[in-house]
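Here's the letter readout for the chains.
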Amino acid sequence: MSKEVLSFIIVPPFERRAAVAAAKDRLENYLSHRFPGYDFKVGPFAPVGNDEAFSVLPIMNFVGDDGKSYMCEPPSRWLLQDIANVCNEFDLKGRRSFAA
């Protein structure tokens, strides 16, 4: 049983964590519109990846119809990088030309 990753957790860079937390709902909405079919949740800063860049963590497991836990197919590196790039481009201050 194989399934594509559809959900991601976005972890902000340490120095931008407060601004990202304040714009959490807008960023999640923006990402959902930029990447239709995927689900995004912005998490708090966590000790993962590079604390100067956004980390994109795929949710890799799912429960099958038989009640067992399975692993999804890993997403491509380019998709993870595209999501991180869009996070970096997002206007946390809410200027309409860039914000969702």
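Every value quoted in this text rests on a predicted model; they were computed, and no experiment measured them. As a convention, each chain's residues are numbered from 1 in the sequence order in which they are written. Given that the model is predicted, a residue must reach a pLDDT of at least 70 before its local features are reported, and side-chain atom pairs must reach 80 or more before they are shown or counted; all residues, however, enter totals for whole chains, interfaces and linings. Calculation of side-chain values draws on the structure's entire complement of heavy atoms; hydrogens and water are dropped beforehand.

Enquirer: What is the right way to read a nonpolar patch on the surface from this model?
Expert: Only residues above 30% relative accessible area that lack a salt bridge enter a patch, with like-charged residues linked at up to 9 Å and the nonpolar side chains Val, Leu, Ile, Met, Phe, Trp and Tyr linked at up to 5 Å. For the accessible areas, the method is Shrake-Rupley and the probe is 1.4 Å, while residue cover comes only from the protein chains on display. Salt bridge, as used here: a side-chain nitrogen of Lys or Arg that lies within 4 Å of a carboxyl oxygen of Asp or Glu. A cluster of nonpolar side chains, Ile9, Leu57 and Ile59, forms an exposed patch at the surface whose accessible area comes to about 190 Å². Relative to the elements of secondary structure, leucine 57 occurs in strand S3 (residues 55–58). With a relative accessible area of 32%, leucine 57 lands in the partly exposed category. A helix here means a DSSP run of H or I that spans at least four residues, while a strand means a run of E at least two residues long, and both kinds are numbered starting from the N terminus. Throughout, exposure labels follow a simple rule: accessible area from a 1.4 Å probe, protein chains only, divided by the maximum for the residue type, with under 20% read as buried, over 50% as exposed, and the rest as partly exposed.

Enquirer: Teacher, can you tell me more about helix H3 (residues 77–89) here?
Expert: Each turn of an α-helix holds 3.6 residues, which means side chains three or four residues apart point in the same direction. For H3, which comprises 13 residues, the first-to-last C-alpha distance of 18 Å matches the rise-based estimate of 18 Å (1.5 Å per residue) to within 8%. For H3, every residue scored as buried is listed here: Leu79, Ile83, Ala84, Val86 and Cys87. Within H3, the buried residues cover an arc of 160 degrees as seen down the axis, which keeps them to one side. Away from the buried face of H3 by more than 90 degrees, exposed residues Arg77 and Trp78 are located. Whether two residues touch is decided by their heavy atoms; if any such pair falls within 4.5 Å, the residues are in contact. Against strand S1 (7–11), helix H2 (24–34), strand S2 (39–42) and S3 lie the buried residues of H3. Each residue after the first adds 1.5 Å to the expected span of a helix. The arc in question is the one spanned by the directions pointing from the helix axis to the C-beta atoms.

Enquirer: Hey, could you run me through the environment of aspartate 91 in this one?
Expert: Structurally, aspartate 91 can be placed in the segment after H3. Exposure remark for aspartate 91: the relative accessible area of 8% places this residue in the buried category. Residues aspartate 91 and arginine 26 lie 65 residues apart in sequence; the distance between their C-alpha atoms is 9.7 Å. Separated by 3.1 Å, the side chain of aspartate 91 and the backbone nitrogen of lysine 93 make a polar contact. Any pair of N or O atoms that falls within 3.5 Å is considered a polar contact. Within protein, one atom must be able to donate a hydrogen and the other to accept it, and sequence-neighbouring residues count only if both atoms are side-chain atoms.

Enquirer: Would you mind going over H2 with me for this structure?
Expert: Three or more residues of H2 are buried, namely Leu27, Glu28, Tyr30 and Leu31. The buried residues of H2 occupy an angular sector of 165 degrees when projected down its axis, which confines them to one face. Turned more than 90 degrees from where H2 packs its buried face, Asp25 and His33 sit exposed. As for H2, its buried residues are in contact with S1, helix H1 (17–22), S2 and H3.

Enquirer: I keep staring at the pattern of salt bridges and nothing clicks. Help me out?
Expert: Where side chains of opposite charge bring their charged atoms close, a pairing between them can arise. Enumeration according to the criterion identifies one salt bridge in this entry. Residues lysine 24 and glutamate 28 are paired through a salt bridge, measuring 3.2 Å at the closest nitrogen-oxygen approach. You can see lysine 24 and its partner glutamate 28 sitting in helix H2, four residues apart, about one turn around the helix. Since its relative accessible area comes to 31%, lysine 24 is described here as partly exposed.

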